[in-house]
Amino acid sequence: MSLHVLAVDDSRTMRDMIRLALEPAGFTVHTADDGVHGTEVLSQTAPDVIITDINMPRLDGFGFIDAVRENSDHLSTPILVLTTEAAPELKMRARAAGATGWIVKPFDPAKLVKALQMVAG
Amino acid sequence: MTPPDPMAEIRASFFVECEELLEAMQDGLQLMDEGAHDGETIHVVFRAVHSIKGGAGAFGLNGLVRFAHKYENTLDAVRSEALAVDADLLNLFFRATDHLFDLVRAARDNADLPTAQSDSLLRELEICIGAPPAPDGAEPEIEFQPIGLALDLGCDTDAPPVLTQSPQYDIVFAPDTEMFENGNDAYPILGALAGLGECSVTCDTSRLPGLDSLAPETSYLSWTVRLTADADAAEIASMFEFVEGLCTYTITPVTEADASEPLRNVTGDIAPVVPLLPDTPSPPAANSGCEATAPPAAPKTVVRVDLDRIERLVNLVGELVINQAMMAQSLQNAGLSPHSDAMNGLEEFQRLTRDIQDSVMMIRAQPVKSLFQRMSRIVREASVAVGKEVRLISEGESTEVDKTVIESLADPLTHMIRNAVDHGLETPADRLAAGKPEGGIVRLSAAHRSGRVIMEVSDDGGGIDRARVQKIAKDKGLIPADAVLSDSEIDNLLFLPGFSTAATVSDLSGRGVGMDVVRTSIQSLGGRISIASTQGQGTTFSISLPLTLAVLDGMVVKVADETLVVPLNMVAETLTISGDTLDSIQPGVDVVRVRSGFVPLFDLGHHLGYRPKLDSYIDSAALLITHDDGTLGALVVDEIQDQRQIVIKGLDDTFGRAPGIAAATILGDGQIALILDPSDIIAKSADFKAGAPLKLEA
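Reading the values: the criteria
- Residues numbered from 1 in each chain as written.
- Chains lettered and ligands numbered in written order.
- Predicted model: local features only at pLDDT ≥ 70, side-chain atom pairs only at ≥ 80, totals over all residues.
- Helix = DSSP H or I, 4+ residues; strand = E, 2+ residues; numbered from the N terminus.
- Buried ≥ 20, exposed ≤ 12 C-beta atoms within 10 Å, placed from the backbone.
- Contact = placed C-beta atoms within 7 Å.
- Pairing = 2+ DSSP bridges.
- Axes fitted to C-alpha atoms, helices over the stretch in contact; angles between N-to-C directions.
- Core = buried A, V, L, I, M, F, W, Y, C linked by C-beta atoms within 7 Å.
- Domains from an automatic or database assignment.
- pLDDT = per-residue confidence, 0-100.
- Expected span 1.5 Å × (residues − 1).
- Arc of directions from axis to C-beta.
- Parallel < 35°, antiparallel > 145°, perpendicular 65-115°, else oblique.
- Left-handed = near helix turned anticlockwise from the far one by under 90°.
- Nonpolar A, V, L, I, M, F, W, Y, C, P; charged D, E, K, R; others polar.

Colleague: Outline the overall build of chain B, supporting the account with residue identities and numerical values.
Modeller: Each helix and strand in chain B was counted, giving 19 helices and 23 strands. Counting over 698 residues, chain B shows a buried share of 32%. In chain B, the proportion of contacts linking residues at least 24 apart, taken out of those at least 6 apart, comes to 71%.

In structure tokens form, the structure reads like this:
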């Protein structure tokens, strides 16, 4: 059974690239355009792992992580943050919000796959 | 099914997205310019730059990344309210956005990036946020490593573990309770370690309390891993990156002596040794076959289609319309009753064809917004170049026009906007002297009006100096010295080839392109351009264009045995001329009375040179034509035949442009008919009558 990934990013290019990186590796990829859309898709797809951007309209990544963690079905669903900044304080902030890990953009497909395996087994 | 090069596709789609993002940026900056200082507006602009940077990084577009990064930093300062927005800063943002647009274009076309301009803008952006002493911006702190994305995404990108000669490590790993609250788990980490090489794992359960005192969400377990892998300690530590600070772990290299011992069972009794094979927890192996298992992509709301394909569809629909007309004709010739099933079916067929056609046209229709945004840039640049303060007001941005029309309009509009800024508006001093505000206004509008698109470029400048225009035209020998011209005729002199009113050719609009070129390009789109000017109040150029370039509703008429088509949207009404309504205001100038007014008559057959003028217009049919300015003219024809959809077939350049002829079409019986531009015909004959020896065509 393939792992279901929910990728939330407001950039179509980024969503396409995530899809391109993950589908050949056997993942099933669902995408959402922003945090609000992400929570909607979340309820329909029950992903095994979530990838989210931080800067997004309507509901940003931190808000989205909060929303995921508030949902009792997803207390332990791994969430990877896709970020352009590698600053430690940002990582800490993401972690404080409940993120499982982070990937620095632009991501290397192999690393992304690895990171997903790392958090989702 | 796999496209030849998915990266190239994503790259192409990235540039499409960039255009959208740049449009959103323009909108945001525009809003800020109009006084919106709310957080969301600046966020939108920030996110757009951020997304461009992110995508550009993925494709290794370093120049773009470098600029976007600095721009983003400055925007971030505004976002975090460390920097206040004022007119100068907005102006800088507008210019930076324009430049970003250039960079995106250059990157898309693999052209050289305009780096010199980048540098000067970057410096300005840096100064805004208190210019950190970055030495010459040489190495900005961009943590972007352009990555050439490899597409052979095998899951096992690591070299297979070498079992012998590889160093061994003992790893002790004890998760904190918090680690699990973040969605991390021990199993994947152990799996990742196993992915590095061969390992055996023991679990330490000694801290596990009895069931009665067990808190289910508390972490009690720890693991010891003996790993044999071709990896250094740092690589192993990287497996713990996500859980750094959320667990305790130690990595100890195992010496030769230790390695010979069997793994010590740290806690002894209950923990079984769990052998883990390398790669066991990997997701399904990636090979070309596994794509078949991927379910279809999530539903998309937008499909991007190659314009060529739409073009083909449009052509096919055009052929369908012709074909259907032929069928109608042959059914009619067969003498079928109009109430027969075949005729009813045909009617339904016609309705469907029309629906298809409308739908196809809608695919190509796009709002003129992107075009208008480009014009706002032209205004900014032009106003700086001539030292005038100009505000562009655009209206009707959502008006949809055929995409090919939009593209062909860019050049003419650019020229008209430059003209408006350079020649239309007075200098600030002159404006103040005339009691106007110092800053001039250029207005750009688009609207649908009776099946056509009307675009207007107007300024609130001094209007056309007609005496000067006429003098220049005489000096240049464009008109005879004794010509007596009406105001609108003088205005139209601007469209003459080789006419330029600028006493000194400025570097802005004096680029060898005159209004005659604008006019020619508008006409090649099947459009018309006209001028209205009021002394002291400004000038308005109006462009009137057909909605689509492919199909129109036409009235089929016969003149001297020639079949001609008049666009239906130009025909206000048809009438039969009777002796009561016919009048003559001077010899050779006939008019027809329509309700309370008189409308000049034009004998189409005569004007087109098919036959001499009719002796009497009585009982002839006439088409009442509405001009763009609202005036009327009546075209006398021999017979009105039909009203139907026709497919426009452009006339090749080899035919030369005949005044009054817009294009041609193929009728149902296979006959070729010319499509007229009645306004043009009437204008021509009006010129003729006024005695002005004008030949306005280029």
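Don't stop here, the text continues.
Colleague: Break down the sheet that holds strand 12 (residues 538–546) of chain B for me, with residues and values.
Modeller: Residues and elements named next belong to chain B. The five strands lie next to each other as 7-9-10-12-11, forming an open sheet whose pairing is mixed. The sheet terminates laterally at strand 7 (390–395) and strand 11 (528–534), the two strands that pair on one side only. For this sheet, the mean inter-axis angle between neighbouring strands, taken without regard to orientation, is 15°. Strand direction decides the pairing type here: strand 7 and strand 9 (residues 440–449), joined by six bridges, are parallel. Across the sheet, the residue bridging to Glu395 is Ser445, located in strand 9.

Colleague: Describe the nonpolar core, and please don't skip the residues or the numbers.
Modeller: Residues Leu80 and Leu116 of chain A together with Leu193 of chain B are the most contacted members of the largest nonpolar core, which totals 95 residues. Formed jointly, this core draws a minimum of three residues from each of two domains, domain 1 (6–135) and domain 2 (168–282) of chain B. Membership of the second largest hydrophobic core comes to 42 residues, among which are Phe372, Leu413, Ile464 and Ile479 of chain B.

Colleague: Any details on the confidence of the model for chain B? Residues and values, ideally.
Modeller: Residues and elements named next belong to chain B. Residues at a pLDDT of 70 or more form 82% of chain B, whose mean pLDDT is 76. Under a pLDDT of 50 for its full length, residues 262–300 has, in the predicted model, 69 contacts with residues more than four places off or in other chains. Quick note on the complex model: pTM equals 0.53, ipTM equals 0.75.

Colleague: Give a detailed account of helix 12 (residues 369–386) of chain B, specifying residues and quantitative values.
Modeller: Residue and element names in this part refer to chain B. If you check helix 12, its first and last C-alpha atoms are 26 Å apart, about what 18 residues at 1.5 Å a residue would give, namely 26 Å. Within the span of helix 12, buried status applies to Leu371, Phe372, Met375, Ser376, Ile378, Val379, Ala382 and Ser383. Down the axis of helix 12, the smallest arc covering the buried residues is 165°, so these residues share one side. On the buried face of helix 12, the contacting elements are strand 7, helix 13 (403–424) and strand 9. Just beyond helix 12, the residue with positive phi is Gly387, at close to 70°.

Colleague: Tell me about the packing of helix 3 (residues 62–79) of chain B against helix 5 (residues 115–128) of chain B, and name the residues and values.
Modeller: Residues and elements named next belong to chain B. Contact geometry of helix 3 with helix 5 gives a least axis separation of 9 Å together with a crossing angle of 20°. With respect to helix 5, the element helix 3 is oriented roughly parallel. Judged by the sense of rotation from one axis to the other, the crossing of helix 3 with helix 5 is left-handed. Facing helix 3, whose interface residues are Gly63, Phe67, Lys70, Tyr71 and Thr74, helix 5 presents Thr115, Ser118, Leu122, Leu125, Glu126 and Cys128. Tallied by class, residues from the contact of helix 3 with helix 5 come to five nonpolar, four polar and two charged.

Colleague: Hey, could you go over the pairing of strand 17 (residues 589–594) of chain B for me, with residue numbers and the actual values?
Modeller: All names here are of chain B. Both strand 16 (residues 582–586) and strand 17 contribute to a ladder of four bridges, which runs antiparallel. Looking at strand 17, one finds that Gln586 is bridged to Val589. Counted along the chain from strand 16 to the antiparallel partner strand 17, the turn is two residues long, and its residue Gly588 has a positive phi close to 85°. Where strand 17 and strand 18 (residues 597–603) come together, four bridges link them in antiparallel fashion. Opposite Val592, over in strand 18, you have Val599 as the bridge partner. Joining the antiparallel neighbours strand 17 and strand 18 is a turn of two residues, in which Arg595 adopts a positive phi near 50°.

Colleague: Any chance you could break down helix 2 (residues 35–45) of chain A for me, citing the residues and the numbers?
Modeller: All names here are of chain A. Listing the buried residues of helix 2 in full gives Gly35, Gly38 and Leu42. The arc that holds the buried residues of helix 2, viewed along the axis, is 45°, so those residues lie on one side. Exposed side chains of helix 2 directed beyond 90 degrees from the buried face belong to Glu40, Ser43 and Gln44. Turning to helix 2, the residues buried within the fold contact strand 1 (4–8), strand 2 (28–32), strand 3 (49–53) and helix 3 (61–70). Immediately beyond the C-terminal end of helix 2, within one or two residues, lies Ala46, with a positive phi of roughly 45°.

Colleague: Residue-level account of the environment of Asp66 of chain A, with values.
Modeller: In this structure, Asp66 of chain A sits in helix 3. Linking Asp66 of chain A and Ala99 of chain A, residues 33 residues apart in sequence, is a C-alpha distance of 9.1 Å.

Colleague: Describe the sheet that holds strand 1 of chain A, with residues and values.
Modeller: The strands that make up a sheet pair up through hydrogen bonds in the backbone, lying either parallel or antiparallel. All names here are of chain A. Pairing within the open sheet is parallel, and its five strands lie in the order 2-1-3-4-5. Because the sheet does not close on itself, it has two edges, and the strands there are strand 2 and strand 5 (101–104). Between one strand and the next, the sheet's axes are offset by a mean angle of 20°, whatever the strand orientation. Relative to strand 5, strand 4 (residues 79–83) runs parallel, the two sharing four bridges.

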